[in-house]
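# Observations on the model geometry
Here is how the chains run, residue by residue.
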Amino acid sequence: MAKAPNLYRRQAVYWWRRRIPKNLRQLFSTSEIRVSTRAHMVGEAAARGARLRVITDLAFQELERAVSTGLTISDQTFDQLVQQLIRDELDRCERERELAGPRTEADIQQAVLDQQRQRARLQQALRTNVYGDLEDQLAPAIEAVQEVATEPDLAVLRRRAARGLMDATEINEAREQGIYSRDTRVSAVAANGSSLSAPVSGPLDGARLPMRREPAQPSQSAAPAPAKTPAVNNHNVLNLKRDRSSTTETRASESRGSPTHRSVDGRTPGAGPRISDVKEMFIAEQRKSMRRHCRVAVDLLQDGLDDLVISEMSRAAVADVIVLITQLPVTHGKSSKTKLRLREQVARTNAEETEAIEAAVQCVQENGADRKKIARASLEARIERLSSIQSLTNHRRRINSFLRWCHKKGYIPQAFQVDLEDIPRQVRDDAENRDQKKGARMSWGREKLQKLLTSSIMTDPNKELGDPMFWSILAGPHQAPRMEEWMQIDPQTDVGVEEGIPVIRIQRGLGQHAKTEAAERVLPIHPVLIAAGFLDLVEQRRAEGSHWLFPMLDHGADGRFSSIFTKRFSRYREDEGLYDPQHDYHSLRSDFQEFLDDADVPLNVRKRLMGHRIEDITEGKYRKRDYSISRKAEYIKLIDYGIEVERINGIPVVKLRDRADASEPTAADEVVL
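All values reported here derive from a predicted model rather than from experimental measurement.

A few words now on the overall build of the chain. Broken down by element type, the chain carries 25 helices and eight strands. Relative to its full complement of 673 residues, the chain shows a buried share of 42%. Once local pairs closer than 6 in sequence are excluded, the contacts in the chain between residues at least 24 apart make up 68%.

Given below as structure tokens:
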């Protein structure tokens, strides 16, 4: 009899087994995987079984992706190929400049013009999705995967490579004019990239780019050993990491002539794995919904400690890093622009804040302001930081989780964690004050919501039909999507008809995320959106072959559309005089919930419409089938904020419905679903 999940005993040895998902069984000759744990004790067998579970989860995820999309190459491998292509292009152009000899102004202008022409060719290729003229430039990346890649793989690689070369032309254009900076998102590649002469992991195992490169550093073994043994590392040799050679030389030079220092347990400092060596293993063992958050926290810890050897971490040093994190601006990690190191970012933010305060104080002084107004202007000019209690607690807990995991694996000899008491009192007080000022998120309310729904972009007849701000504001209170859910809609697959009713499918897919399993749902489209021409926009995007409803939007550094659009929505509210920290885009979901609650719509229906988990045993356990689309459509049609939509030359314009006409059918009501 099995003593733990997936375990069963065969004579004196425990075996682990797992059923293969039904949608993948055609790829296998058996319906389940069976592996001997080679363990006689149930505890040891359970630990090995947990690791096997993580490994098979990742394998099944990649196989499901390959089956559903036709892609056999992982996103990480795509990125590695593109990054190396960028580096090779930058190196080639730099070598030409080094050997060019003296250049005249005419030569410089011609070189700049050549880069601009190259960028125009790349831009045209990206617009038309035709890359025949770029085959020579893309050949190194294509040839590296030619034998194992499918046609969808090659299509994705061509486009991503063209986008990467666009970045390279911008850098080269600046370098032709003598401008060498580290302010581009590929600066890490330009400075520290590694060679593709090393084998690629995953489905491209053994693939090589036919490039003449310097020999790669030899890879090391797979699992980093505990702190008692020398450090080992078998992460993908293509993983772009900061070159630590200069740091090692500096440490060696500093230690010359001085006795060798040893840690408390007698080992030489520097022995054992570093944070970067075990980070991916830690993240892989976390719940899928928490991996992104854990990665952010550990990345910041690694950056703040300069990728320290894990056994050398101390409670005080980790607490200092957490304090540094609270000094980051609230927009940190949400921009697609270049990232600075943690300490550099804090220093730059402090400098920018000082300049802003000086400018604000000077401005009010010139207007003859008194001391109180000057103090007020100084406070208003301060940059908002990640110093809320919630941010402080979240980062502290995730870093503590990493510390506990390191101790469990044997990388830290003595367990420790950072408590709130380890954070300076001033930092904690500032966090509490910030939370009190910000307040809880609240619904907009009918009056303020009508102002938002009739703001400038909503009433402008000259805007583009696909303006993302218009559709996001209109959909927010009528469909209650989370911002990322709305930004990532694929017109090819996420909009359709069920039971004769137009619907939007919130679902996971290629480049699409869902907060939880409950967030995946099917929503009838509100009549107001149909009257505004939403289905016409979908057909237009389908005709263009676009997989994004709003292709003009960019991802943030975290790969999410919402990272950038959140800032745009904040600026829009400020410009319209509607800004209030308690009324953001997510607050529109509160208006949706309150309206349906006032209309006596059942709670569990509201939860399913909003993508919330149902914890009630009767409804959650004994009703697996969703409500019918027609029933949900009837509830959606109840939502009415007193507006109507008309189209002027095909462009939707929102206006308030006259009170006298409130009882008459609106344009939206006349839509046949």
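From this point, the narrative continues.
The next thing to look at is the packing of aromatic side chains. Enumeration over the complete set of coordinates arrives at eleven aromatic pairs. A centroid spacing of 5.2 Å and a plane angle of 75 degrees characterise the contact between Phe-282 and Phe-402, whose relative ring orientation is edge-to-face. Linking Phe-282 in helix H8 (residues 275–284) with Phe-402 in helix H13 (residues 389–409), this pair joins segments that are 120 residues apart in sequence. For Phe-402, a relative accessible area of 0% translates into the label buried.

This part is about the environment of Glu-358. Positionally, Glu-358 belongs in helix H11 (residues 342–366). Glu-358 gets classed as exposed once you look at its relative accessible area, which sits at 52%. Between the C-alpha atom of Glu-358 and that of Ala-377, which follows or precedes it by 19 residues, the distance is 9.7 Å.

A few words on the environment of Ile-325. Relative to the assigned elements, Ile-325 resides in helix H10 (residues 315–326). It is 8.9 Å that separates the C-alpha atoms of Ile-325 and Leu-301, two residues lying 24 residues apart in sequence. Those residues in contact with Ile-325 that sit more than four places away from it in its chain are Leu-300, Leu-386, His-395 and Ile-399.

Calculation criteria
Residues numbered from 1 in each chain as written. Predicted model: local features only at pLDDT ≥ 70, side-chain atom pairs only at ≥ 80, totals over all residues. Heavy atoms only, no water. Helix = DSSP H or I, 4+ residues; strand = E, 2+ residues; numbered from the N terminus. Buried < 20%, exposed > 50% of the residue type's maximum accessible area, 1.4 Å probe, protein only. Contact = heavy atoms within 4.5 Å. Phe/Tyr/Trp six-rings, centres within 6.5 Å; stacked < 30°, edge-to-face > 60°.

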